[in-house]
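This is what each chain is made of:
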Amino acid sequence: MRKWNFSAGPAAIPEEVLQEAQSEMLQWKDSGMSVMEMSHRSSEYTDIANKARQDLIDLLKIPSDYQVLFLQGGATLQFSMVPMNFGVKGVADYVLSGSWSKKAINEASKIVDTNVVCTSEPSNFNYVPKETSWNCSENAAYLHYVANETIQGNALHIPPKTNAPLISDMSSVILSEPIDISRFSLIYAGAQKNIGPAGLTICIIKNDFLKTASVELPGMLQYVKHADADSMFNTPPTFAWYLSGKVFAWLKNKGGLDAIGEINKLKAKKLYDFIDNSDFYLNPVNKENRSIMNVPFLLKKPDLDTEFLFEAENAGLLNLKGHRSVGGMRASIYNAIPIEAIDALINFMGDFQSKYG
Ligand SMILES: Cc1ncc(COP(=O)(O)O)c(C=O)c1O
């Protein structure tokens with residue numbers, strides 16, 4: 001029996017998508033083979049890949065002067081590819097709002113001069129510093145921020161205003177609500193949350209910005225090479241791309257990002273309201289920076305953590321353990337998590353509180 005999976009990633013995938021993939025597992029249409037067995041250069045696979053890309057463009061309303069790349073190496077490789085391609089000429093500005101920003105900065109610091117424009121580290125990243133307090137460089141090569149910090153559960157809900165090219169790691173928030181792509185020079189996201197299986201990284205780059213990318217790097221590290229080859233510079237993660245295409249089609253069927261955005265807001269509000277109204281659970285993040293995708297919470301009696309996780313699992317609620325670096329609990333409530341799962345979680349949390357509170 002499938003259970004509610006609150007994993008931060010790899011995360012839940014819509015059941016309809018899995019069923020469809022199952023029905024096509026042995027043979028895709030009348031091709032005589034599984035998608036996994038197809039050449040990435042075959043006409044069948046090119047159709048699958050192009051449809052997925054187009055559906056993503058439609059969902060995010062990506063303007064025509066952007067490239068949409070399907071890459072590998074996870075968001076982690078983007079931490080290096082971004083400064084390698086765009087940072088060589090000067091200082092790169094970074095917002096430090098959580099563990100993933102910190103990793104991005106660590107990698108970038110090996111390649112370029114980085115300027116950390118603000119940090120909430122002294123208060124365990126429980127907020128994102130206000131834009132007015134940021135100490136930005138005059139001529140930054142770019143400004144980088146993590147739109148949603150998956151571990152701490154904080155988010156910057158509105159893209160910052162800047163004259164520098166704006167770059168965002170949207171791994172844990174992409175496709176959860178509409179975004180204005182035109183504000184960005186580059187967006188990247190690992191797939192294993194709202195997009196599809198691990199192994200695929202989406203990168204959306206504005207053409208003007210792409211023109212400034214390095215063409216001296218090894219081919220695999222050049223955005224230009226990937227763009228010129230339609231993301232087929234080498235063999236792409238074909239099955240992950242195909243399955244992500246199914247997730248995009250599923251989202252379109254659900255009414256796109258406006259519709260899923262409303263559902264996501266409702267899901268998050270229900271859970272935060274329950275936590276805030278309880279004297280047993282606690283969410284440490286500033287209200288205006290709370291993530292709608294990752295909801296960390298602490299038990300006011302932390303000695304009950306192990307029992308909480310044990311009983312949750314028995315109740316069919318999986319992967320609620322917080323990241324090992326912060327402890328406590330975390331419910332990741334990406335697109336594939338329906339409102340029924342939130343209700344089941346809240347019911348369980350209420351019962352647990354009655355038993356031990
Ligand atoms: C916001 C964010 N950035 C980067 C990463 C790293 O992604 P990957 O493991 O795909 O390299 C993660 C992974 O969870 C993440 O949540």
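First things first, this report covers the structure right here in the doc. (Residues numbered from 1 in each chain as written. Predicted model: local features only at pLDDT ≥ 70, side-chain atom pairs only at ≥ 80, totals over all residues. Heavy atoms only, no water.)

Let us now look at the packing of helix H3 (residues 74-86) against helix H4 (residues 99-109). Packed helix pairs are specified by the crossing angle of their axes together with the interaxial distance, meaning the distance between the axes. Interhelical geometry of H3 versus H4 gives an angle of 45° and a closest axis separation of 8 Å. Taken together, the axis directions place H3 and H4 in an arrangement best described as oblique. The way H3 lies across H4 gives a crossing that is right-handed. Contacts between H3 and H4 pair Phe79, Ser80 and Pro83 from the former with Trp100, Lys103, Ala104, Glu107 and Ala108 from the latter. The class makeup of the residues in the contact of H3 with H4 is five nonpolar, one polar and two charged. (Axes fitted to C-alpha atoms, helices over the stretch in contact; angles between N-to-C directions. Helix = DSSP H or I, 4+ residues; strand = E, 2+ residues; numbered from the N terminus. Parallel < 35°, antiparallel > 145°, perpendicular 65-115°, else oblique. Left-handed = near helix turned anticlockwise from the far one by under 90°. Contact = heavy atoms within 4.5 Å. Nonpolar A, V, L, I, M, F, W, Y, C, P; charged D, E, K, R; others polar.)

Glancing now at empty space enclosed by the protein. Within this structure, the stated rule accounts for two cavities of 30 Å³ or more. For the largest cavity, the calculated volume is near 70 Å³. What lines the largest cavity is Phe70, Leu71, Gln72, Leu77, Met81, Met220, His226, Ser231, Asn234, Pro236 and Pro237. Of all the secondary structure elements, the ones that give two or more residues to the lining of the largest cavity are strand E2 (66-71) and H3. A class-by-class count of the residues in the lining of the largest cavity yields seven nonpolar, four polar and no charged. Put simply, the second largest cavity is a space of about 50 Å³. Lining of the second largest cavity is provided by Ala12, Ile13, Pro14, Lys193, Asn194, Ile195, Gly196, Val247, Trp250, Asn335 and Ala336. Within the lining of the second largest cavity, the residues separate by chemical class into seven nonpolar, three polar and one charged. (1 Å grid on protein atoms, 1.4 Å probe; cavity = no way out; pocket = protein on both sides within 12 Å on 5 of 7 lines; lining within 4 Å. Points joined across faces, edges and corners; volume = space filled by probe spheres on them.)

This part covers the side chain of Asn264. Structurally, Asn264 can be placed in helix H8 (residues 256-276). You can call Asn264 buried: its relative accessible area is 0%. (Buried < 20%, exposed > 50% of the residue type's maximum accessible area, 1.4 Å probe, protein only.)

Time to look at the site of the ligand. In the vicinity of the ligand, the contacting residues are Gly74, Ala75, Thr76, Phe79, Trp100, Val146, Asn148, Thr150, Asp169, Ser171, Gln192 and Lys193. A distance of 3.2 Å is found between an oxygen atom of the ligand and a backbone nitrogen or oxygen belonging to Ala75. Thr76 is positioned such that a nitrogen or oxygen atom in its side chain is 2.5 Å from an oxygen atom of the ligand. For the ligand, whose unbound accessible area comes to 390 Å², protein coverage reaches 85%. No other element matches the four residues that H3 contributes to the shell around the ligand. The residue makeup of the shell around the ligand, split by class, is four nonpolar, six polar and two charged. (Near = heavy atom within 4 Å. Polar contact = N/O pair within 3.5 Å; in protein donor to acceptor, adjacent residues only side chain to side chain. Areas by Shrake-Rupley, 256 points an atom, 1.4 Å probe, with all protein chains shown as cover.)

Examined against the element boundaries, Phe297 turns out to sit in strand E12 (residues 294-299). The buried category is assigned to Phe297, whose relative accessible area is 1%. It is 7.2 Å that separates the C-alpha atoms of Phe297 and Pro284, two residues lying 13 residues apart in sequence. Setting aside its immediate chain neighbours within four residues, Phe297 contacts Ile275, Tyr281, Leu282, Phe308, Gly328, Met329, Ala331 and Met349.

Another point: the pattern of salt bridges. Counting across every chain of the model gives 17 salt bridges. Residue Lys252 is joined to Asp55 by a salt bridge in which the shortest nitrogen-to-oxygen separation is 2.8 Å. In this pair, Lys252 is assigned in helix H7 (residues 238-253) and Asp55 in helix H2 (residues 43-60), connecting sequence segments 197 residues apart. Since its relative accessible area comes to 34%, Lys252 is described here as partly exposed. Close ionic contact of Lys355 with Glu311 constitutes a salt bridge, the shortest N to O distance being 3.1 Å. Of this pair, Lys355 sits in helix H10 (residues 339-356) while Glu311 sits in helix H9 (residues 305-314), placing them 44 residues apart in sequence. (Salt bridge = Lys/Arg side-chain N within 4 Å of Asp/Glu carboxyl O.)

On their own, these measurements won't tell you what the molecule is for.
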